[in-house]
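For reference, the chains in residue letters:
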Amino acid sequence: MQTGILAFGAYIPFRRLQRSAVFAANAWFAPGLKGAAKGERATANWDEDAITMAVEAARDLFADTDRSTVAGLTLASTTLPFADRLNAGVVKEALNLPDPVFASDQTGSQRCATSALVIALSGQGPHMVIGSDLRKARPASEAELAQGDAAAAILVGQGEVIARLIGTHSVTTDFVDHFRSSGARFDYGWESRWIREEGHTKLFGGAIKDALARFNLTGADIDVAVISITVRGVPESLAKQAGIRPEAVADTFSAEVGDTGAAHPLLGLAAALEKAKPKQKILLAGFGQGADILVFETTDAILHPPKRLGVAGHMARSQKTDNYLRFLFHRGLLDLERGMRAEMDQKQPGTTLYRNRKAVLGLVGGRCAKTGTVQFPKSDIGVNPNARAQGTQEDYPLAERRAKIVTYTADSLSYSPDPPVYYGAIDFDGGGRLVAEFADCASEDIEVGREMRMVFRIKTLDEMRDFTKYFWKAAPVREGEA
Amino acid sequence: MAKGIKDKVAILGMGCAKFGERWDMDADQLMVEAFTEAQSDAGIDVSQIDAAWLAVAFDAVNIGPSGIPLSMALRLPNIGVTKVENYCASGTEAFRGAVYAVASGAADIALALGCEKLKDTGYGGLPVRSRGTTYDMIGVTGSAPGNFAQLAAAYRAKHGVSKEELKRAIAHVSVKSHANGAKNPKAHLQKAVDMDTVLNAPMIAEPLGLFDCCGVSDGAACAIVTTPEIARALGKTDLVTVKALQIAASNGWELQQAGGWDGAYFHTTRVAAAKAYHEAGVDNPREQISLMEVHDCFSITELVTMEDLFISKEGEGYKDVLDGFFDADGRVPCQIDGGLKCFGHPIGASGLRMIYENYLQLLGRAGPRQRQTPPALALSHNLGGSPIQNVSAIAIVGLHEA
């Protein structure tokens, strides 16, 4: 039995904030950022966070993988919404995985996802590691331009792997290139020249060389090197140091996505797997107070064309935006006047959420065993007036079903961080109806009959008690999302 | 089928406060203003009232729980006072309580009063509120215009009407109501508007602009009801009696795909209207109904309701609207008092305000806005909720033995 990678998935938010727009707004204050003002960064909407993006990456993975086989999942992130509530537990509920499943959060460094992968590969699996980060940086900082938001999921285990594990190598040293204390909003970083010379070149580059030696490989054996540093020239320089061919160095998506933190190594790995041919050696290198180096070799199973959107699919469905003020507002960095309608108390009773967790977090509706009528949510007495069936409802998951718009509006009166708020009634293929908010859409996307897909999002925030409420929204099905 | 309510109960008196931004008054003062007019009209002493119903929809910015605020405001003689809430249909619900009490013989004279104090919220439109802890996790807490605007998208899709044509039709609805409201001294909005103003107003919820939405007001309205026999004994000659009173509540059918509801009409209104016409003995409403007060919370609601009340054929309501069929000088005037659009919409009071107008019109007491052809049968339609889930209430009142 081979151990290795069974499946992968990715998620990149729809909007791409143009770095030129960020720079244009901040040039008066930070003219030195001009050199970094090229390209765009993936930008999560107000209703996304590390949890929701992780769910989407996992769903992308599940496009061609039976989710019931998953024995465990780890959510790796440095921007987990909850410090003490299992964030991976929310992901588990959203994915409608059975209760007997392992789930844990992994955090603490930019390499937490590669570390989680190392641990997962030491077990039997199948274990899904999801890296997900919604980066937060001060306005007018270099980090604000360099960072991006994304998630990627890798399922590892034994069996018919698409890439077998050759080996893992980890080093740990308290190299503090940047840090963020518990509860702090932003990173504090040290001089980039020092990071490059002592951190990237010596520490990270040394670890890559040591790993290759440990696996009895040379740099020339590596076909794809995912070296997860978005600083220009660094992956190339570390590759050269290790004897890896320049053409083997994978794109770090610094131009179109940005540095997505904990997600970034897995995003790079997912992109590499998308393009890989059989018998290719892929090196994955994550950096943060040390390094994790993993080497895989693809198998013939990689040839099966995946149905997933993946990194390439998400790259193709982006929307450019220059709206920097909206970005600042969505990150809580601009205190806009929201009006009295935003004052409604959003308190979430724990009891109600627990009782309804399958419906709320998993979008599980009901189907009447007697009539086959589908409804959301379930109810003791079914909605079909011809049956008057009581106690006949079976669980019926709706999240993966496509839907069509029946009614809609664009509401400018209700408070929304991204006005106007679009919502309406949608009918699911196979039955069931829901009045849902629409995510990531504009007026040209919406008409009666338009095909929609469900996405897991933040419904609202209880700002008084600092609690995030999640539910499902409908997003327009876009090109490539067949 | 039950025998129904026809001609069992007469309206002894009605009253209505001036609707609008009543910065000068609390809810109890509005109640007194409406009641004083009704009591004078009825010519009775407070001690003759056997039971009372109070309609209020929004507690948080209003009077709080129970029937006590009405009992206190009017200093009622320790009779039973029941507070009812059924969304925006609360006013008709209170009327139903009082009418049923009289019809049952349990009360000789009963009071229904609706009141709402909405201008203490600090912003325009209805207060944002919870719909319960379970709903709040999975439902959309849209605005009222957002909820009703969805009718337009579905109506266009179903009947093949262009965006522009439907927008013009609903604009006509509002222009007509403003023209009517300009003749009504108790109306919140008393200014006529032209088509261009309506068409070019800021968008609230596509396709509803500012003038497609009704006013949100302070106000109160009330009815004192009794039996026709007692009314005559009290000296009343021209009697207005209740011909039909029906309320239909959604049960989730519209919310299931298999039900076949397409979003372009009010299922409950059709149910309530069919029952009400049967109860009142109306078999051709387009010919028999003299005038209507409907729940025009939004222009699109009024347009669709013309079809759901079986006045216009399905898919042709917008043509009747554009033809002026529902104008004050049209065949079946609708909102001759300005409607929710201009008279205003103090939620709990609205159903009773509609009946108040119909009562005045039937008795020829509506002043400059009096319908010239003497009306005999008037319908009011009071709706609460949203198109996909609502309470629809219909009251038909008419001249006794007409």
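Cut-off values and rules
Residues numbered from 1 in each chain as written. Chains lettered and ligands numbered in written order. Predicted model: local features only at pLDDT ≥ 70, side-chain atom pairs only at ≥ 80, totals over all residues. Heavy atoms only, no water. Domains from an automatic or database assignment. Contact = heavy atoms within 4.5 Å. Buried area = accessible area lost by both parts, 1.4 Å probe. Axes fitted to C-alpha atoms, helices over the stretch in contact; angles between N-to-C directions. Helix = DSSP H or I, 4+ residues; strand = E, 2+ residues; numbered from the N terminus. Parallel < 35°, antiparallel > 145°, perpendicular 65-115°, else oblique. Left-handed = near helix turned anticlockwise from the far one by under 90°. Buried < 20%, exposed > 50% of the residue type's maximum accessible area, 1.4 Å probe, protein only. Pairing = 2+ DSSP bridges. 1 Å grid on protein atoms, 1.4 Å probe; cavity = no way out; pocket = protein on both sides within 12 Å on 5 of 7 lines; lining within 4 Å. Points joined across faces, edges and corners; volume = space filled by probe spheres on them. Nonpolar A, V, L, I, M, F, W, Y, C, P; charged D, E, K, R; others polar. Salt bridge = Lys/Arg side-chain N within 4 Å of Asp/Glu carboxyl O.

Trainee: I'd like to hear about the domain arrangement of chain A, residue by residue, with values.
Mentor: Residues and elements named next belong to chain A. Here chain A is partitioned into domain 1 (3–330) and domain 2 (402–476). Measuring from the centre of the C-alpha atoms in domain 1 to the corresponding centre in domain 2 gives 29 Å. Residue-level contacts link 21 residues of domain 1 with 18 residues of domain 2. With both chains or domains summed, domain 1 and domain 2 bury close to 1,800 Å², and 54% of this area falls on carbon and sulfur atoms.

Trainee: Can you explain the packing of helix α6 (residues 192–214) of chain A against helix α7 (residues 234–241) of chain A? Please cite residues and give values.
Mentor: Residues and elements named next belong to chain A. Between α6 and α7, whose axes approach to 9 Å, the crossing angle comes to 45°. Here α7 runs oblique to α6, going by the angle between their axes. As for how α6 packs across α7, the hand of that crossing is right-handed. Contact residues: Arg-196, His-200, Thr-201, Phe-204, Gly-205, Gly-206, Ile-208 and Lys-209 in α6; Val-234, Leu-238 and Gln-241 in α7.

Trainee: Explain the pairing of strand β8 (residues 240–249) of chain B residue by residue, including any values.
Mentor: All names here are of chain B. Judged by how many residues are buried, β8 sits mostly within the fold: 9 of 10 residues are covered. In terms of strand pairing, strand β1 (residues 10–16) meets β8 through 2 bridges, oriented antiparallel. When the bridges of β8 are listed, Ile-11 appears paired with Val-240.

Trainee: Explain the packing of helix α2 (residues 50–61) of chain A against helix α3 (residues 87–94) of chain A residue by residue, including any values.
Mentor: All names here are of chain A. Look at α2 against α3: their axes get within 9 Å of each other, and the N-to-C directions meet at 40°. Looking at the two axes, α2 sits oblique to α3. In this structure, α2 crosses over α3, and the sense of that crossing is right-handed. Residues Ile-51, Ala-54 and Val-55 of α2 form the contact with α3, whose own contacting residues are Asn-87, Val-90, Val-91 and Ala-94.

Trainee: Outline unusual backbone geometry, listing residues and values.
Mentor: Leaving glycine out, the prevailing phi sign among residues is negative, and the prevailing peptide bond configuration is trans. With an omega of -10°, the peptide bond between Phe-376 of chain A and Pro-377 of chain A qualifies as cis. Within the secondary structure layout, Pro-377 of chain A lies in the loop between β16 (374–375) and β17 (393–397). Between Glu-206 of chain B and Pro-207 of chain B the backbone carries a cis peptide bond, its omega angle lying at 0°. Tracing the sequence through the fold places Pro-207 of chain B in the loop between β5 (203–205) and β6 (208–209). In this structure, Phe-253 of chain A is a non-glycine residue whose phi angle is positive, near 55°. Assignment of secondary structure puts Phe-253 of chain A in the loop between α7 and α8 (264–275). For Arg-388 of chain A, which is not glycine, the phi dihedral falls at a positive 45°. Following the sequence through the fold, Arg-388 of chain A ends up in the loop between β16 and β17.

Trainee: Tell me what's going on with the layout of surface pockets, and back it up with residues and numbers.
Mentor: Residues and elements named next belong to chain A. By volume, the second largest pocket is sized at about 1,500 Å³. Glu-142, Ala-143, Ala-146, Thr-230 and Val-231 are, among the 40 residues lining the second largest pocket, the residues nearest its centre. Counting only elements with at least two residues in the lining of the second largest pocket, the list comes to α5 (142–146), β10 (188–189) and α6. A per-class count over the lining of the second largest pocket returns 14 nonpolar, 14 polar and 12 charged.

Trainee: Describe empty space enclosed by the protein, listing the residues and the values that go with them.
Mentor: Residues and elements named next belong to chain A. Inspection of every chain in the model, using the stated rule, returns 5 cavities of 30 Å³ or more. Counted as a void, the largest cavity has a volume near 80 Å³. Lining of the largest cavity is provided by Arg-15, Leu-17, Thr-43, Ala-44, Asn-45, Thr-321, Asn-323, Arg-326, Phe-327 and His-330. Elements supplying a minimum of two residues to the lining of the largest cavity: β2 (15–18) and α10 (324–330).

Trainee: With reference to specific residues and values, describe the pattern of salt bridges.
Mentor: Residue and element names in this part refer to chain A. Per the stated rule, a full pass over the model turns up 56 salt bridges over all chains. Among the ionic pairs, Lys-202 bridges to Glu-198, the shortest N-O distance being 2.8 Å. Note that Lys-202 and Glu-198 are positioned in helix α6 at a spacing of 4 residues, about one turn of the helix. When its relative accessible area of 53% is taken as the criterion, Lys-202 is described as exposed. For Glu-198, a relative accessible area of 34% gives the class partly exposed.

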